[in-house]
Amino acid sequence: MLIDSGMKRFLEQDEVILDTITGLMWTKNACLTDFPMTWNEALTFIKELNHSGIYGYTDWKLPNRRELFSLISHETINPSLPHSHPFINVFTGYYWTSTSCARLPNQAWYIHLGGARVFKGMKYGSYMVWPVRIADHINNQVFKTGQRNCYDENGDIIDCHNTGQDGELQSGLQWNKPRFTENTYTVDDNATNLIWLKSANYYKGMMDWKSAFDLVEKMNRECKYRYNDWRLPSIVELESLTDMSQHSPALPVDHLFINVQEFYWSSTISMYDIHYAWVLYINDGSVGVGYKPLSEFYLWPVRGTKKKIKL
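Bear in mind that the values here come from a model prediction, so they are computed numbers and not experimental data.

What counts, and at which threshold
Residues numbered from 1 in each chain as written. Predicted model: local features only at pLDDT ≥ 70, side-chain atom pairs only at ≥ 80, totals over all residues. Heavy atoms only, no water. Buried < 20%, exposed > 50% of the residue type's maximum accessible area, 1.4 Å probe, protein only. Helix = DSSP H or I, 4+ residues; strand = E, 2+ residues; numbered from the N terminus. Pairing = 2+ DSSP bridges. Disulfide = S-S within 2.5 Å. Core = buried A, V, L, I, M, F, W, Y, C linked by side-chain atoms within 4.5 Å. Axes fitted to C-alpha atoms, helices over the stretch in contact; angles between N-to-C directions. Salt bridge = Lys/Arg side-chain N within 4 Å of Asp/Glu carboxyl O. Contact = heavy atoms within 4.5 Å. Phe/Tyr/Trp six-rings, centres within 6.5 Å; stacked < 30°, edge-to-face > 60°. Lys NZ or Arg CZ within 6 Å of the ring centre and 35° of its normal. pLDDT = per-residue confidence, 0-100.

Across the two faces of strand 3 (residues 24–27) the burial is the same, with Leu24 and Trp26 and Met25 and Thr27 all buried. Across four bridges, strand 2 (residues 16–19) lies against strand 3 in antiparallel orientation. Within the sheet, the bridge partner assigned to isoleucine 17 lies in strand 3 and is tryptophan 26. With antiparallel pairing between neighbouring strands as the criterion, strand 2 and strand 3 make up a hairpin whose turn holds four residues, including glycine 23 at a positive phi of roughly 80 degrees.

Turning to the state of the cysteines, a few remarks are in order. As enumerated under the stated definition, the model contains one disulfide in all. Note on cysteine connectivity: cysteine 150 is disulfide-linked to cysteine 160, with sulfurs 2.1 Å apart. Between cysteine 150 and cysteine 160 the sulfur-sulfur dihedral comes to about 110 degrees; the bridge is accordingly right-handed. Of the two residues, cysteine 150 sits in strand 8 (residues 150–151) while cysteine 160 sits in the loop between strand 9 (157–158) and helix 3 (166–169), which places them ten residues apart along the sequence. Looking at cysteine 150, the relative accessible area reads 0%, which means it is buried. Here cysteine 101 is not cross-linked by a disulfide; its sulfur's nearest cysteine counterpart is in cysteine 150, at 15 Å. In this structure cysteine 101 comes out as buried when scored by relative accessible area, which is 0%.

A separate point is the nonpolar core. Looking at soluble globular proteins, one finds that nonpolar side chains tend to be buried together. Membership of the largest hydrophobic core comes to 61 residues, with the highest contact counts inside it found for Phe87, Trp130, Trp265 and Trp300. Ranked by size, the runner-up nonpolar core spans 17 residues in total, among them Ile46, Ile54, Trp60 and Leu62.

A separate point is the sheet that holds strand 16 (residues 302–304). With respect to topology, four strands assemble into an open sheet ordered 10-11-12-16, the strand pairing being antiparallel. Two strands lie at the open edges of the sheet, namely strand 10 (180–182) and strand 16, each paired on one side alone. The sheet shows a mean angle of 25 degrees between the axes of neighbouring strands, direction not considered. The pairing of strand 11 (residues 186–189) with strand 12 (residues 194–197) spans four bridges and is antiparallel.

So, about the pattern of salt bridges. Under the defined criterion, the tally for this structure stands at 15 salt bridges. The structure contains a network of salt bridges with shared partners spanning Arg65, Arg66 and Glu239.

Turning our eyes to something else, we now look at the environment of alanine 102. By secondary structure assignment, the location of alanine 102 is in the loop between strand 4 (94–100) and strand 5 (107–112). Among the residues examined, alanine 102 registers a relative accessible area of 17% and is labelled buried. Taking C-alpha positions, alanine 102 is 20 Å from leucine 173, a pair spaced 71 residues apart along the chain. Once residues within four sequence positions are removed from consideration, alanine 102 is found in contact with Met244, Ser245, Gln246 and His247.

The next point concerns the packing of aromatic side chains. Tallied over the entire structure, the rule returns 26 aromatic pairs. For the pair tyrosine 94 and tyrosine 127, a centre-to-centre distance of 5.9 Å together with 80 degrees between the ring planes defines the contact as edge-to-face. Of this pair, tyrosine 94 sits in strand 4 while tyrosine 127 sits in the loop between strand 6 (118–122) and strand 7 (132–134), placing them 33 residues apart in sequence. Owing to a relative accessible area of 21%, tyrosine 127 belongs among the partly exposed residues under this scheme. Ring geometry for tyrosine 202 and tyrosine 203: centres 4.8 Å apart, planes at 85 degrees, overall edge-to-face. On the accessibility criterion, tyrosine 202 (22% relative accessible area) is partly exposed. Through pairs of rings, three or more aromatic residues link up here, namely Phe180, Trp196, Phe257, Phe263, Tyr264, Trp265, Tyr281, Phe297, Tyr298 and Trp300. Sitting over the face of the ring of tyrosine 57, arginine 133 holds its NZ or CZ atom 3.8 Å from the ring centroid. Taking NZ or CZ as reference, lysine 224 lies 5.7 Å from the ring centre of tyrosine 225, over its face.

Let's shift gears to the confidence of the model for the protein. In this model, the protein carries an average pLDDT of 94, and 95% of its residues clear a pLDDT of 70 or more. Scored below 50 in pLDDT, residues 1–6 shows 13 contacts in the model against residues more than four places distant or in partner chains.

All right, on to the sheet that holds strand 3 then. Spatially, the four strands line up as an open sheet ordered 1-2-3-7, and their pairing is antiparallel. Of all strands in the sheet, those bounded by a partner on one side alone are strand 1 (10–13) and strand 7. On average, each strand axis in the sheet is inclined to that of its neighbour by 25 degrees, with strand direction left out of account. Taken together, the four bridges between strand 1 and strand 2 define a ladder with antiparallel strand orientation. Looking at the pairing, phenylalanine 10 lines up with aspartate 19 of strand 2.

This next bit is on the environment of methionine 128. Along the polypeptide, methionine 128 turns up in the loop between strand 6 and strand 7. Sequence separation between methionine 128 and leucine 299 is 171 residues; the distance between their C-alpha atoms is 34 Å. Look past the residues within four positions of methionine 128 in its chain and what remains in contact with it is Cys31, Thr33, Asp34, Phe35, Pro36, Phe91, Tyr94, Tyr95 and Trp96.

As structure tokens, this is what we get:
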């Protein structure tokens, strides 16, 4: 996400914080409950906050996966938030999102605020809650997750009315239509302005992290497909491809890619341990880490905008 160095990203307004980059407003206190809750308890807690009109607003919600991910910094740990953030009482563990897992809808997504992992877990598990609201609908800079259904704790589809789930609210920017444009060897993502290889397994096999960089460098030396600015994508760029209404792979239903594999290296190094790098598991969209020396992940080269993209 692009942050202008001359611009203050977070604006404090008493007990709330406005993120000027995303247009989202968060409670300054990241632990209003002081204790973890199940997923259903978290959704009910948000309704209670709105009923009380806490901090003068009645449109708080449990953040969807992309909204909470928009706060994450992969350059810091404990917490994994941008430098000089103004939040207090940030628990360096998992926080719920309102987004269910498409493949296993009895599970919901949560994000680790200590180390930035994005995983899913059973809805009866207990994790922390951080309310958010859209303060600036016109300048909202976070894309929708793609989720359109609502699910109960057992994973059954339910009526979305008044659930507060991602499938009901569907908050965020709509993808451009059509989102993807197919070329001979590449696919343009018209939402992010990134250009991906159409074959998501061009090098036909898994490799270690260094080999991924070496192969991209080789592509550039050879001016592959007439371009010499290919690169290993960042974890934010990889995650931008995901659609939480889909699984196996968790890509938009109208994607134009071929040979999609299960997991991919990113160029983003883990700050917990620099021997690891961030990876995307494409079946569901999990974001984890891989040990750099092991040949356990695939390469998906990208080129295009050098700006940090909208989430």
